[in-house]
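As a plain string of letters, each chain reads:
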Amino acid sequence: MGDIGLQIISFDQLDSTSNYIAKAIESRQYAEGTVILAHFQHQGRGQRGSNWQSNAGENITFSFGVNSDFLALHTQFLLAKAISIAIVDFLKSIIGREVYIKWPNDILAGDAKIAGLLIETVGHNPRYSIVGIGLNVNQLHFAAPYKATSIRQELGAEVNIQVVLNQLLGYINQRMDALIGGFELLIDADYMTALHGNGRWINVVADEIEFAAMITQVDNSGVIYMKNKAGRVLSHRAKEIKISF
């Protein structure tokens, strides 16, 4: 696997950078690790099928594809863990405050969303994982009730989007090297350290019932394990529960 981002192809707008890569992979016109960047996506997707809010030219929305055959099917969430930690590492290095992962793949600065990712698997022989990332960079205003922040809001100054992208890709490549190198236990430990709800009570909604829980594990297939205040251990997949502050 080559470095991610050695080639960056930029568009003023696309429906979705991940859709673009999926079509390129299908037609065998995609070079692994190539970053597809769009200054605006009119069909950008978030978790649970939601849209990603992003003003044109103010943020970073990009995708890249990697051959994920090196991961067993039941450990594919390790890729999400590695990329999430890379984003956390990068943001902590520049905004000077605590940054958290909100399972499954949102990134929070304090209690406001600053980034998110969505990973989709396509094809077979080889199997590709398409990683889509949205990072709020210079946007100052977000539609209510969306609670979000940006690097500019955190720093109080506008930042250079290209510099931010290059720095973020450096962190992503470091974590990808660790994942490919077999440092799965380190990735899992760092993920749990950054995870909102690890070692503290959080509010969870499942089957329209809200309760307090503490996260004890996220396995490498993406299943989350929690204990409630009665000591009962519960397990859920991403679409089955909602975690809030």
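Refer to the structure presented above.
Residue numbers restart at each chain and count upward from 1, following the sequence in its written direction. Given that this is a predicted model, residues contribute local features only at a pLDDT of at least 70 and side-chain atom pairs are listed and counted only at 80 or more, while totals for whole chains, interfaces and linings are drawn from all residues. Heavy atoms from the whole structure form the basis of all side-chain values; hydrogens and water molecules are not counted.

A. Representation of the overall build of the protein chain. Looking only at helices and strands, the protein chain features five helices and twelve strands. The globule rule puts the C-alpha radius of gyration for 245 residues at 18 Å, and the 17 Å found for the protein chain is close to it. Each principal axis of the C-alpha atoms in the protein chain carries an extent, and together these give about 55 × 45 × 30 Å. Exposed residues in this analysis have more than 50% of their type's maximum accessible area, buried residues have under 20%, and partly exposed residues fall in between, with area computed by a 1.4 Å probe over protein chains only. Evaluated residue by residue, the protein chain yields a buried proportion of 49% over its 245 residues. Counting every atom, the protein chain has about 11700 Å² of accessible surface; 48% of that belongs to carbon and sulfur. Two residue types count as positive, namely Lys and Arg, and two as negative, namely Asp and Glu; His and chain ends fall outside the count. By convention, the charge on Lys lies at NZ, on Arg at CZ, on Asp at CG and on Glu at CD. Charged side chains in the protein chain number 20 positive and 23 negative. The centres of these two groups are separated by 6 Å. Note on conventions: DSSP H or I runs of at least 4 residues are helices, E runs of at least 2 residues are strands, and numbering of each starts at the N terminus. Put simply, the radius of gyration uses C-alpha atoms, and a globule should come to 2.2 Å times the residue count raised to 0.38. Reported accessibility uses the Shrake-Rupley method at a 1.4 Å probe radius. Residues are deemed covered only where the shown protein chains occlude them.

B. Just the sheet that holds strand E5 (residues 106–109), in detail. The criterion for strand pairing is that DSSP finds at least two bridges linking the strands in question. Strand order across the open sheet formed by seven strands is E1-E2-E3-E7-E6-E5-E4, with mixed pairing between neighbours. Lying at the two open borders of the sheet, with one neighbouring strand each, are strand E1 (8–11) and strand E4 (99–102). Strand after strand, the sheet turns through a mean of 20 degrees between neighbouring axes, direction not considered. Where strand E2 (residues 35–38) meets strand E3 (residues 60–67), four bridges bridge the pair, whose relative direction is antiparallel. Residue pairing across strands places Ala38 opposite Thr61, the latter belonging to E3. Packed on one face of the sheet, helix H1 (residues 17–26) meets E1, E2, E3, strand E6 (112–122) and strand E7 (128–135) and runs near 30 degrees to E3. Fitted lines through C-alpha atoms give the axes, limited to the stretch in contact for helices. The angle between two N-to-C directions lies from 0 to 180 degrees. Pairs of residues are marked as contacts when any of their non-hydrogen atoms sit within 4.5 Å.

C. Examining the pairing of E1 more closely. The sheet contact formed by E1 and E2 spans four bridges and is parallel. Bridge pairing links Ser10 to Leu37 in E2. The crossover handedness rule: strands pointing away from the viewer, path from first strand over the helix to second strand clockwise, crossover right-handed. Taking the sense of rotation as the criterion, the β-α-β connection linking E1, H1 and E2 turns out right-handed.

D. Structural detail: the sheet that holds strand E12 (residues 241–244). Taken together, the five strands give an open sheet; going across it, the order is E11-E10-E9-E8-E12, and neighbouring strands pair in antiparallel fashion. Each edge of the sheet is formed by a strand with only one pairing partner; in this case those strands are strand E11 (233–236) and E12. Averaged over neighbouring strand pairs, the angle between their axes works out to 45 degrees when direction is ignored. Where strand E9 (residues 209–218) lies against strand E10 (residues 224–228), five bridges are found, and the strand directions are antiparallel. Note that in E10 the partner of Val218 across the bridge is Ile224.

E. Structural context of the nonpolar core. Definition of nonpolar core: a set of buried residues of the types Ala, Val, Leu, Ile, Met, Phe, Trp, Tyr and Cys, connected through side-chain atoms within 4.5 Å. Core analysis: the biggest nonpolar cluster contains 67 residues, and Phe62, Phe64, Ile83, Leu135 and Ile172 have the highest contact counts within it. At 13 residues, helix H2 (residues 77–95) tops the list of elements feeding residues into this core. In contact with Ile83, not counting residues within four places along its chain, are Phe64, Leu117, Val131, Ile133, Ile172 and Met176.

F. Structural view of helix H4 (residues 161–180). Here the expected length of a helix is defined as 1.5 Å per residue gap, with one fewer gap than residues. For H4, built from 20 residues, the straight-helix expectation of 28 Å at 1.5 Å per residue is met to within 8% by its first-to-last C-alpha distance of 28 Å. Listing the buried residues of H4 in full gives Val164, Leu165, Leu168, Leu169, Ile172, Asn173, Arg175, Met176, Ala178 and Leu179. Taking the backbone nitrogen of Gln162 as reference, a side-chain oxygen 2.9 Å away marks Asn160 as the first, capping residue of H4. Phi for Gly182, located one or two positions after H4, is positive at around 90 degrees. Definition of a polar contact: a pair of N or O atoms within 3.5 Å, with one able to donate and the other able to accept a hydrogen when the atoms are protein atoms, and with sequence-neighbouring residues admitted only if both atoms are side-chain atoms.

G. Just the packing of aromatic side chains, in detail. When two rings of Phe, Tyr or Trp (its six-membered ring) have centres within 6.5 Å they constitute a pair, described as stacked for plane angles under 30 degrees, edge-to-face for angles over 60, and tilted for the intermediate range. By the definition in use, this model includes five aromatic pairs. Between the aromatic rings of Tyr30 and Tyr128, the centroid separation amounts to 6.3 Å while the plane-to-plane angle is 80 degrees, which identifies the pairing as edge-to-face. Taken together, the residues Tyr30 in the loop between H1 and E2 and Tyr128 in strand E7 connect sequence positions 98 residues apart. Between Phe77 and Tyr191, the ring centres sit 6.1 Å apart and the planes meet at 85 degrees, which makes this aromatic pair edge-to-face. Taken together, the positions of Phe77 in helix H2 and Tyr191 in helix H5 (residues 184–194) put the pair 114 residues apart, joining distant regions of the chain. Overall, Phe77 belongs to the buried group, its relative accessible area being 12%. On the basis of relative accessibility, which here comes to 0%, the residue Tyr191 falls in the buried class. To sit over a ring, a charge needs its Lys NZ or Arg CZ within 6 Å of the ring centre and within 35 degrees of the ring normal. Looking at Lys81, its charged tip hangs above the ring of Tyr191, at a distance of 5.6 Å from the centre. Positioned above the aromatic ring of Trp201, the side-chain terminus of Lys229 is 5.2 Å from the ring centre.

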